[in-house]
Amino acid sequence: MTDVTGAHADVLHTLFRTEQGGHEQVVLCQDRASGLKAVIALHSTALGPALGGTRFYPYASEQEAVADALNLARGMSYKNALAGLDHGGGKAVIIGDPELVKTEELLLAYGRCVASLGGRYVTACDVGTYVADMDVVARECRWTTGRSPENGGAGDSSVLTAFGVYQGMRASAQHLWGDPVLRGRKVGVAGVGKVGHHLVRHLLDEGAEVVITDVRPEAVQRVVEAHPSVGRAADTDALIRTEGLDIYAPCALGGALNDVSVPLLTAKVVCGAANNQLAHPGVEKDLADRGILYAPDYVVNAGGVIQVADELHGFDFERCKAKAAKIFDTTLAIFARAKEDGIPPAAAADRIAEQRMAEARAARTR
């Protein structure tokens, strides 16, 4: 079924779903010559230009792509607000398998689409896109970050993303066990790609016991070869059931915490790099009811966006690392607010972020 514009009715319904929180702008991009099909979603520019990465993924449908863009863009608004950045939230998704359809022509066409927004959206890397891709996009769009050092950028943002998640784990340990030290804790990491393998190194350096899994055997093999002490789980289902697990770190795609996985968790803490870990509203309460402490994903995985935002003003790694280290304090503040208000940490984080965005909007009208 289509409407008068020719767009699928389900897609238009998704665009205007009030429960999504009301996005400022959604742009559908197409370039027939290169095969580009993309969605750019701007959730909020209350704090400044929207900032968020570009995901390149073989979605099963356009509806799924639009829904992902909307969810990810909203998450970026909250992430940027809690990271203390002067940026709103946006996200883009390119539809297709990057291993099969990604070309220089397609990336250049995508750069032109972003440039057409005149700076309302600043893009960067995400799943399926890399520093080299942003170098290409930047040839058509000056509102591109996450570029290589050779092209004036900061390089791979996954290093600081992992560092921020590590700080979130330390804060979780402090809140739950009274000590931020992770030595002797057993941590399960699901997804050891761009971010996950850096996180494993931080954990091992502190003396944690680490068990990993990934849908790609080669990713697991790379980590085990570098760190022979790391244990392996057959899959995520086996990982979350691991006996004696203290912390579970979802570091792959979203939706890891759902009605099936939450009842099976053996860990007392969930703290990982994946975006949109909660499959639906209410999962955070299910976690709390089971006595599982959830460190909100968009808080602890903000190290990468801190880096790419800094790149816009002249990148300094130590300055960014110092900002990312503050994720420890921010996470503790969220746990304290949750306890004070009698709500789950995810709801507390939302309240703090929404307050900052509301204050920014109010200041504009004065």
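For the structure, check the block above.
Residues numbered from 1 in each chain as written. Predicted model: local features only at pLDDT ≥ 70, side-chain atom pairs only at ≥ 80, totals over all residues. Heavy atoms only, no water.

Quick look at the layout of surface pockets now. Volume-wise, the second largest pocket comes out at about 880 Å³. Lining the second largest pocket we find 33 residues, and of these Asn71, Arg74, Asn276, Leu278 and Pro281 sit closest to its centre. Sorting elements by how many residues they give to the lining of the second largest pocket places helix α2 (residues 62-82) first, with nine residues. Split into classes, the residues belonging to the lining of the second largest pocket amount to 13 nonpolar, nine polar and 11 charged. (1 Å grid on protein atoms, 1.4 Å probe; cavity = no way out; pocket = protein on both sides within 12 Å on 5 of 7 lines; lining within 4 Å. Points joined across faces, edges and corners; volume = space filled by probe spheres on them. Helix = DSSP H or I, 4+ residues; strand = E, 2+ residues; numbered from the N terminus. Nonpolar A, V, L, I, M, F, W, Y, C, P; charged D, E, K, R; others polar.)

Turning to the nonpolar core, a few remarks are in order. Core analysis: the largest hydrophobic core is formed by 45 residues, its most contacted members being Met169, Val189, Leu199, Val200, Leu203 and Ile212. By residue number, the principal contributor to this core is helix α6 (residues 158-177), which donates seven residues. Those residues in contact with Val200 that lie beyond four places of it in its chain are Val189, Val192, Val210, Ile212, Val223, His227 and Val230. Within the second largest apolar cluster, 23 residues are counted, among which are Val27, Ala38, Ile94 and Leu108. (Core = buried A, V, L, I, M, F, W, Y, C linked by side-chain atoms within 4.5 Å. Buried < 20%, exposed > 50% of the residue type's maximum accessible area, 1.4 Å probe, protein only. Contact = heavy atoms within 4.5 Å.)

Turning our eyes to something else, we now look at the sheet that holds strand β1 (residues 25-31). Taken together, five strands build an open sheet; the order of strands is β1-β2-β4-β3-β5 and the sheet is mixed. For this open sheet the edge positions go to β1 and β5 (121-125), each flanked by a neighbour on one side alone. Taken over all neighbouring pairs, the strand axes of this sheet differ in orientation by 20° on average, direction set aside. Strand direction decides the pairing type here: β1 and strand β2 (residues 36-44), joined by seven bridges, are antiparallel. Bridging across to β2, Gln25 finds its partner in Leu42. (Pairing = 2+ DSSP bridges. Axes fitted to C-alpha atoms, helices over the stretch in contact; angles between N-to-C directions.)

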